[in-house]
Amino acid sequence: MYRSKCVLTLGIAGMLFFIGGQAVHAEVGSSLLTQTESDTNEKHYAAANVSTKLNIRSAPGVESDIIGKISAFGLMEIQDYQDGWCLVNSGEVSGYVSADYLYSPEETEHMIETVGIENLPVAEEVSPVRQQLIDFASQFIGNSYVWGGTSLTSGADCSGYVQSVYREFGVELPRVSAAQAYAGPQISINSAQPGDLIFYAKNGSIYHVVINLGGGQVLAASSAKKGICISNLDYSHAVWAVNVLG
């Protein structure tokens, strides 16, 4: 499965280099607005032109709630266009994305023809609570790492940071990462949603916990040098994820 996913990504990346990979901007809107009555049943697709994940929102505008996320090259059916925002359907998610982060219909059609519509990712739902937790935890980026600390403002270590963040959302976790790793249902790394905890291990022992952001990125109290920060998920040491939010 992992190898297939890599091959697919490399294949798409090579194709995009050939076609140029320009953002759609108003092109999606133009194609919709010029439809005639005879072609209203025609489906219009666009793919996500991002390096990580594109937010899908409940209404047009960056101030609206995030209700879903879609990976790079993720496929969306375009339903409508207004003022730089597209109403899309993808998977089980229906909402709005900025047209600035979409490949054009022509480029998307080329992707579909090259790799097959069934091989392009679709959106995943994001619960309001999960997004609220990530927004809350992100407020403390740049604050200090302190061994044994639990303060979000004065300093915390990885498990102290996690414990304090989740406590704000009514979830009581053990103090250390080795115990937190068993505080909820264990799931695979690939199944982890934003807001789930991911644990790192060496020689069979848990030594670090991070908050999953999705798209291969995590949030954690990392080290005395880096403090609380966003980083890439360390797949070489990640062993499992835990869903503590339900």
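Residues numbered from 1 in each chain as written. Predicted model: local features only at pLDDT ≥ 70, side-chain atom pairs only at ≥ 80, totals over all residues. Heavy atoms only, no water.

**What about the overall build of the protein?**
Alright, step 1. The number of helices and strands found in the protein is 6 helices and 15 strands.
Alright, step 2. A total of 246 residues make up the protein; the buried ones form 45% of that total.
Alright, step 3. Summed over all atoms, the accessible surface of the protein reaches about 12,600 Å², with 51% contributed by carbon and sulfur. (Helix = DSSP H or I, 4+ residues; strand = E, 2+ residues; numbered from the N terminus. Buried < 20%, exposed > 50% of the residue type's maximum accessible area, 1.4 Å probe, protein only. Areas by Shrake-Rupley, 256 points an atom, 1.4 Å probe, with all protein chains shown as cover.)

**Some details on the confidence of the model for the protein**
Alright, step 1. Taken residue by residue, the protein gives an average pLDDT of 86. The fraction at 70 or more is 83%.
Alright, step 2. Under a pLDDT of 50 for its full length, residues 1-26 has, in the predicted model, 35 contacts with residues more than four places off or in other chains. (pLDDT = per-residue confidence, 0-100. Contact = heavy atoms within 4.5 Å.)

**Section: unusual backbone geometry**
Alright, step 1. Positive phi outside glycine occurs at Phe73, with the angle close to 70 degrees.
Alright, step 2. Assignment of secondary structure puts Phe73 in the loop between strand 3 (66-71) and strand 4 (75-82).
Alright, step 3. Within the chain, Asn203 stands out as a residue other than glycine whose phi angle is a positive 50 degrees.
Alright, step 4. Position of Asn203 among the secondary structure elements: in the loop between strand 11 (197-202) and strand 12 (205-214).
Alright, step 5. By relative accessible area, which is 85% here, Asn203 ends up exposed.

**Some points on the pattern of salt bridges**
Alright, step 1. Following the criterion strictly, the structure yields 4 salt bridges and no others.
Alright, step 2. Across the pair Lys53 and Glu124 runs a salt bridge whose closest N-O atoms are separated by 2.7 Å. Residue Lys53 is found in strand 2 (residues 53-57), and its partner Glu124 is found in strand 7 (residues 124-125); the two are separated by 71 residues along the sequence. (Salt bridge = Lys/Arg side-chain N within 4 Å of Asp/Glu carboxyl O.)

**Observations concerning helix 3 (residues 105-115)**
Alright, step 1. Along helix 3, the positions that sit buried rather than exposed are Glu107, Thr108, Met111, Ile112 and Val115. On an axial view of helix 3, the arc spanned by its buried residues comes to 145 degrees, and they lie on one face. Helix 3 presents Glu106 and Glu113 as exposed residues on the side facing more than 90 degrees away from its buried surface.
Alright, step 2. The first or second residue beyond helix 3 is Gly116, which carries a positive phi of 95 degrees. (Arc of directions from axis to C-beta.)

**Some details on the pairing of strand 13 (residues 217-223)**
Residues in a regular strand project their side chains so that they alternate between the two faces of the sheet.
Alright, step 1. Note that strand 12 and strand 13 share 3 bridges and pair antiparallel. Counterpart to Ile211 in the pairing with strand 13 is Leu219.
Alright, step 2. Linkage of strand 12 to strand 13, two consecutive antiparallel strands, is achieved through a turn of 2 residues, within which Gly215 is found at a positive phi near 65 degrees.
Alright, step 3. One ladder, built from 6 bridges, connects strand 13 with strand 14 (residues 227-232); its direction is antiparallel. Bridge pairing links Leu219 to Ile230 in strand 14.
Alright, step 4. A loop of 3 residues connects strand 13 with strand 14, the two strands running antiparallel in sequence. (Pairing = 2+ DSSP bridges.)

**Comments concerning the sheet that holds strand 11**
Alright, step 1. Reading across from one edge, 10-15-11-12-13-14 is the order of the 6 strands in this open sheet, with antiparallel pairing throughout. Two strands close off the open sheet at either side, each with one partner strand: strand 10 (186-187) and strand 14.
Alright, step 2. Running over the sheet, helix 4 (residues 128-138) touches strand 12 and strand 13 and is turned about 110 degrees from strand 12.
Alright, step 3. Seen against the sheet, helix 5 (residues 158-167) touches strand 11, strand 12, strand 13 and strand 14 and runs at an angle of roughly 45 degrees to strand 12. (Axes fitted to C-alpha atoms, helices over the stretch in contact; angles between N-to-C directions.)

**A closer look at the packing of aromatic side chains**
Alright, step 1. Counted under the stated rule, the structure contains 5 aromatic pairs.
Alright, step 2. Judged by centre distance (5.2 Å) and plane angle (75 degrees), the rings of Phe136 and Phe140 are edge-to-face. Comparing Phe136 with Phe140, the two get one shared label, buried.
Alright, step 3. Seen from their ring centres, Tyr182 and Trp240 are 5.7 Å apart, and the 65 degrees between their planes marks the pair as edge-to-face. Residue Tyr182 is found in the loop between helix 6 (177-180) and strand 10, and its partner Trp240 is found in strand 15 (residues 238-242); the two are separated by 58 residues along the sequence. (Phe/Tyr/Trp six-rings, centres within 6.5 Å; stacked < 30°, edge-to-face > 60°.)

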